[in-house]
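Notes for the structure review
Chain residues, written in single-letter form:
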Amino acid sequence: MGSSNSGRRDGKPCVDQFRSIDVRRVHRDCRLIPGNVFCRTWRRNETEVASILGRVGNDCVVLSYRQSWRGGPWRDCANTILLDWTDCHYGGKRPWWICPSCDRRVALLYSGDGVYACRHCFQLAYRSQRETEEDLAARRANHVRDRLGWPHGILNMPGGRPKGMHWKTYAELLGEHNEHSGEALKLFGQSLERLLSKLSCLQ
Ligand SMILES: [Zn+2]
(Lines give C-alpha, C1' and ligand atoms only; values in the text may rest on other atoms or scores of the structure.)
Protein backbone atom coordinates (compact mmCIF):
# COMPACT_ATOMS: atom_id res chain seq x y z
CA MET A 1 0.00 0.00 0.00
CA GLY A 2 1.40 3.42 -0.93
CA SER A 3 1.92 6.38 1.31
CA SER A 4 -1.23 8.22 2.22
CA ASN A 5 -1.83 11.81 1.28
CA SER A 6 -0.76 14.10 4.08
CA GLY A 7 -3.50 15.74 6.08
CA ARG A 8 -4.20 19.44 6.18
CA ARG A 9 -2.55 21.44 8.95
CA ASP A 10 -5.52 23.70 9.61
CA GLY A 11 -7.72 21.31 11.55
CA LYS A 12 -8.69 17.70 11.10
CA PRO A 13 -7.76 15.89 7.91
CA CYS A 14 -10.70 14.72 5.78
CA VAL A 15 -11.85 11.15 5.23
CA ASP A 16 -11.27 11.46 1.49
CA GLN A 17 -7.55 12.04 2.10
CA PHE A 18 -7.20 8.49 3.42
CA ARG A 19 -7.62 5.18 1.62
CA SER A 20 -10.53 3.23 2.96
CA ILE A 21 -12.11 -0.19 2.76
CA ASP A 22 -15.88 -0.45 2.83
CA VAL A 23 -17.06 -3.74 4.33
CA ARG A 24 -20.37 -3.57 2.39
CA ARG A 25 -18.52 -3.26 -0.91
CA VAL A 26 -16.20 -6.15 -0.03
CA HIS A 27 -19.20 -8.29 0.88
CA ARG A 28 -21.00 -7.34 -2.34
CA ASP A 29 -17.97 -8.07 -4.53
CA CYS A 30 -16.59 -11.25 -2.98
CA ARG A 31 -18.94 -12.40 -0.19
CA LEU A 32 -17.47 -12.55 3.27
CA ILE A 33 -17.34 -16.33 3.46
CA PRO A 34 -14.39 -18.06 5.20
CA GLY A 35 -11.77 -19.04 2.64
CA ASN A 36 -12.64 -16.27 0.15
CA VAL A 37 -9.92 -13.89 -0.98
CA PHE A 38 -10.30 -10.39 -2.37
CA CYS A 39 -7.98 -7.79 -3.77
CA ARG A 40 -8.38 -4.03 -3.96
CA THR A 41 -6.23 -1.67 -5.94
CA TRP A 42 -6.04 2.11 -6.03
CA ARG A 43 -5.02 3.91 -9.20
CA ARG A 44 -3.86 7.40 -9.96
CA ASN A 45 -3.79 8.43 -13.64
CA GLU A 46 -4.22 4.76 -14.70
CA THR A 47 -1.18 3.71 -12.62
CA GLU A 48 -1.62 1.37 -9.69
CA VAL A 49 -0.42 3.16 -6.54
CA ALA A 50 -1.59 0.75 -3.86
CA SER A 51 -3.13 -2.66 -3.44
CA ILE A 52 -4.35 -4.80 -0.63
CA LEU A 53 -5.13 -8.49 -0.31
CA GLY A 54 -7.84 -9.69 2.07
CA ARG A 55 -8.34 -13.25 3.26
CA VAL A 56 -11.66 -14.03 4.91
CA GLY A 57 -11.45 -16.18 8.04
CA ASN A 58 -14.03 -17.12 10.66
CA ASP A 59 -15.60 -13.78 11.55
CA CYS A 60 -12.44 -11.93 10.62
CA VAL A 61 -10.47 -10.71 7.61
CA VAL A 62 -6.69 -10.59 7.36
CA LEU A 63 -5.54 -7.58 5.33
CA SER A 64 -2.06 -7.84 3.78
CA TYR A 65 -0.35 -4.97 2.02
CA ARG A 66 2.96 -3.21 1.44
CA GLN A 67 3.16 0.33 2.71
CA SER A 68 5.50 3.29 2.59
CA TRP A 69 4.05 5.66 5.18
CA ARG A 70 4.64 9.28 4.24
CA GLY A 71 7.66 8.51 2.11
CA GLY A 72 9.30 6.16 4.68
CA PRO A 73 10.71 2.72 3.87
CA TRP A 74 8.43 0.08 2.36
CA ARG A 75 7.31 -2.66 4.69
CA ASP A 76 4.92 -5.59 4.70
CA CYS A 77 1.89 -5.14 6.93
CA ALA A 78 -0.84 -7.54 8.01
CA ASN A 79 -3.85 -6.58 10.14
CA THR A 80 -6.55 -8.92 11.40
CA ILE A 81 -9.93 -7.19 11.44
CA LEU A 82 -12.86 -8.77 13.26
CA LEU A 83 -16.29 -8.87 11.60
CA ASP A 84 -19.71 -8.48 13.15
CA TRP A 85 -23.15 -9.05 11.62
CA THR A 86 -26.50 -7.41 12.30
CA ASP A 87 -29.99 -8.24 11.00
CA CYS A 88 -31.27 -6.10 8.14
CA HIS A 89 -34.71 -4.52 8.26
CA TYR A 90 -35.98 -6.57 5.33
CA GLY A 91 -34.18 -9.83 6.03
CA GLY A 92 -30.61 -10.94 5.56
CA LYS A 93 -27.60 -9.74 7.48
CA ARG A 94 -25.18 -6.91 6.98
CA PRO A 95 -21.49 -7.01 7.89
CA TRP A 96 -19.50 -4.52 9.96
CA TRP A 97 -15.84 -4.10 10.68
CA ILE A 98 -14.90 -3.95 14.34
CA CYS A 99 -12.32 -1.17 14.57
CA PRO A 100 -9.13 -2.84 15.95
CA SER A 101 -8.32 0.31 17.87
CA CYS A 102 -11.61 1.21 19.64
CA ASP A 103 -13.94 -1.81 19.04
CA ARG A 104 -16.57 0.41 17.36
CA ARG A 105 -18.77 -1.24 14.75
CA VAL A 106 -18.09 0.65 11.50
CA ALA A 107 -18.64 0.28 7.74
CA LEU A 108 -15.36 1.92 6.74
CA LEU A 109 -11.83 1.50 7.95
CA TYR A 110 -9.05 3.88 6.95
CA SER A 111 -5.41 3.13 6.31
CA GLY A 112 -2.90 4.66 8.71
CA ASP A 113 0.68 3.93 9.63
CA GLY A 114 0.65 0.11 9.47
CA VAL A 115 -2.88 -0.11 10.88
CA TYR A 116 -6.47 0.12 9.75
CA ALA A 117 -8.82 2.01 12.06
CA CYS A 118 -12.06 3.97 12.00
CA ARG A 119 -12.44 7.70 11.31
CA HIS A 120 -12.94 8.43 15.02
CA CYS A 121 -9.57 6.90 15.88
CA PHE A 122 -7.82 8.90 13.15
CA GLN A 123 -9.90 11.98 14.05
CA LEU A 124 -11.01 12.40 10.44
CA ALA A 125 -13.72 14.84 9.46
CA TYR A 126 -16.21 14.56 6.62
CA ARG A 127 -15.70 17.06 3.84
CA SER A 128 -18.96 18.84 4.70
CA GLN A 129 -17.69 19.51 8.26
CA ARG A 130 -14.70 21.27 6.76
CA GLU A 131 -16.57 23.27 4.17
CA THR A 132 -16.45 27.00 4.22
CA GLU A 133 -19.78 28.83 4.13
CA GLU A 134 -19.04 29.68 0.54
CA ASP A 135 -18.58 25.98 -0.40
CA LEU A 136 -21.75 25.12 1.48
CA ALA A 137 -23.84 27.74 -0.36
CA ALA A 138 -22.43 26.55 -3.72
CA ARG A 139 -23.16 22.93 -2.82
CA ARG A 140 -26.74 23.83 -1.86
CA ALA A 141 -27.16 25.64 -5.20
CA ASN A 142 -25.81 22.53 -6.99
CA HIS A 143 -28.30 20.38 -5.11
CA VAL A 144 -31.13 22.53 -6.49
CA ARG A 145 -29.50 22.41 -9.95
CA ASP A 146 -29.68 18.61 -9.73
CA ARG A 147 -33.40 18.81 -9.10
CA LEU A 148 -33.78 21.14 -12.09
CA GLY A 149 -31.63 18.90 -14.30
CA TRP A 150 -29.10 21.72 -14.78
CA PRO A 151 -25.32 21.14 -14.90
CA HIS A 152 -23.41 21.89 -11.68
CA GLY A 153 -21.69 25.24 -11.26
CA ILE A 154 -23.20 28.51 -10.13
CA LEU A 155 -21.46 30.34 -12.98
CA ASN A 156 -23.27 28.21 -15.56
CA MET A 157 -26.36 29.71 -17.18
CA PRO A 158 -29.72 28.62 -15.79
CA GLY A 159 -31.15 25.76 -17.84
CA GLY A 160 -34.84 26.68 -17.85
CA ARG A 161 -37.88 24.79 -16.61
CA PRO A 162 -37.61 21.03 -17.02
CA LYS A 163 -40.37 19.38 -19.10
CA GLY A 164 -43.33 18.33 -17.01
CA MET A 165 -42.34 20.36 -13.92
CA HIS A 166 -45.14 22.50 -12.50
CA TRP A 167 -44.56 26.24 -12.80
CA LYS A 168 -45.08 26.62 -9.05
CA THR A 169 -42.40 24.02 -8.23
CA TYR A 170 -40.09 25.60 -10.81
CA ALA A 171 -40.56 29.07 -9.34
CA GLU A 172 -39.82 27.76 -5.83
CA LEU A 173 -36.68 25.92 -6.95
CA LEU A 174 -35.53 28.90 -8.99
CA GLY A 175 -35.94 31.13 -5.94
CA GLU A 176 -34.02 28.63 -3.80
CA HIS A 177 -31.27 28.37 -6.41
CA ASN A 178 -30.88 32.12 -6.76
CA GLU A 179 -30.73 32.56 -3.00
CA HIS A 180 -27.92 29.98 -2.59
CA SER A 181 -25.97 31.01 -5.69
CA GLY A 182 -26.30 34.69 -4.72
CA GLU A 183 -24.96 33.89 -1.24
CA ALA A 184 -22.06 31.85 -2.69
CA LEU A 185 -21.14 34.65 -5.10
CA LYS A 186 -21.33 37.28 -2.35
CA LEU A 187 -19.00 35.22 -0.11
CA PHE A 188 -16.71 34.49 -3.04
CA GLY A 189 -16.51 38.25 -3.73
CA GLN A 190 -15.63 38.89 -0.09
CA SER A 191 -12.83 36.24 -0.12
CA LEU A 192 -11.50 37.76 -3.33
CA GLU A 193 -11.48 41.22 -1.78
CA ARG A 194 -9.60 39.91 1.28
CA LEU A 195 -7.08 38.22 -1.00
CA LEU A 196 -6.60 41.36 -3.10
CA SER A 197 -6.06 43.55 -0.05
CA LYS A 198 -3.47 41.05 1.27
CA LEU A 199 -1.71 41.12 -2.09
CA SER A 200 -1.69 44.92 -2.21
CA CYS A 201 -0.05 44.94 1.28
CA LEU A 202 2.78 42.81 -0.12
CA GLN A 203 3.55 45.24 -2.95
ZN1 LIG B 1 -11.78 3.22 16.03
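Considering the coordination of the zinc ion
Each protein donor to the zinc ion is listed here as Cys-99 (SG), Cys-102 (SG), Cys-118 (SG) and Cys-121 (SG); together their distances run 2.2 to 2.3 Å. The site at the zinc ion holds four donor atoms, and with the angles between them running 104 to 113°, its shape is tetrahedral. Judged by its relative accessible area of 1%, Cys-118 falls in the buried class.

Some words on the domain arrangement of the protein
By domain assignment, the protein separates into domain 1 (15-117) and domain 2 (131-194). One C-alpha centre belongs to domain 1, the other to domain 2; they are set 38 Å apart.

Some details on helix 1 (residues 23-30)
Those residues of helix 1 that sit buried are Val-23, Val-26, His-27 and Cys-30. Summarising the axial view, the buried residues of helix 1 lie within an arc of 100°, below the 170-degree limit, and thus occupy one face. Helix 1 presents Arg-28 and Asp-29 as exposed residues on the side facing more than 90 degrees away from its buried surface. Buried residues belonging to helix 1 abut strand 1 (20-22), strand 2 (37-44), strand 5 (75-87), strand 6 (93-98) and strand 7 (105-106). Of the residues flanking the start of helix 1, the one acting as N-cap is Asp-22, its side-chain oxygen 2.9 Å from the backbone nitrogen of Arg-24. Looking one or two places after helix 1, you find Arg-31, whose phi comes out positive at around 65°.

Concerning unusual backbone geometry
Within the chain, Arg-31 stands out as a residue other than glycine whose phi angle is a positive 65°. In this fold, Arg-31 is placed in the loop between helix 1 and strand 2. A residue is classified by how much of its surface remains accessible, and Arg-31, at 41% relative accessible area, is partly exposed. The phi torsion at Gln-123 lies on the positive side, around 55°, for a residue other than glycine. Tracing the backbone through its elements, the reader meets Gln-123 in the loop between strand 9 (116-117) and helix 2 (127-130). For Gln-123, a relative accessible area of 54% gives the class exposed.

So, the sheet that holds strand 9
Here three strands make up an open sheet; going across it, the order is 1-8-9 and the pairing antiparallel. One side of each edge strand has no neighbouring strand; the edge strands of this open sheet are strand 1 and strand 9. Here strand 8 (residues 108-111) pairs with strand 9 via two bridges, running antiparallel. Counted as the bridge partner of Ser-111 is Tyr-116 from strand 9. Against the sheet, helix 1 contacts strand 1 and strand 8, and its axis sits at roughly 60° relative to strand 1.

Reading the values: the criteria
Counting from 1, residues in each chain are numbered in the order their sequence is written. Per-residue local features are limited, in this predicted model, to residues with pLDDT of at least 70; the limit for side-chain atom pairs, both in listing and counting, is 80 or more; totals at the level of whole chains, interfaces and linings are taken over all residues. Side-chain numbers come from the whole structure's heavy atoms, not from hydrogens or water. Each metal site is built from N, O and S donor atoms within 2.8 Å (3.2 Å for Na, K and Ca), and since water is not included, such sites may look incomplete. Donor angles set the geometry label: tetrahedral for four donors if every angle is between 85 and 135 degrees, square planar for four and octahedral for six if opposite donors exceed 155 degrees and the others are between 65 and 115, irregular for anything else. Think of it in three bands: residues with accessible area under 20% of the maximum for their type are buried, residues over 50% are exposed, and the middle band is partly exposed, with areas taken using a 1.4 Å probe on protein chains only. Per the annotation, domain bounds derive from an automatic or database assignment of domains. The helix and strand labels rest on DSSP assignments: H or I over at least four residues marks a helix, E over at least two residues marks a strand, and numbering proceeds from the N terminus. As used here, the arc belongs to the directions running from the helix axis to the C-beta atoms. Whether two residues touch is decided by their heavy atoms; if any such pair falls within 4.5 Å, the residues are in contact. N or O atoms closer than or at 3.5 Å make up a polar contact, with two conditions inside protein: a donor-capable atom paired with an acceptor-capable one, and, for residues adjacent in sequence, both atoms drawn from side chains. Strands are treated as partners if at least two bridges between them are detected by DSSP. Each axis is a line fitted through C-alpha atoms, and for a helix only the stretch in contact is used; angles between axes span 0 to 180 degrees, taken between their N-to-C directions.

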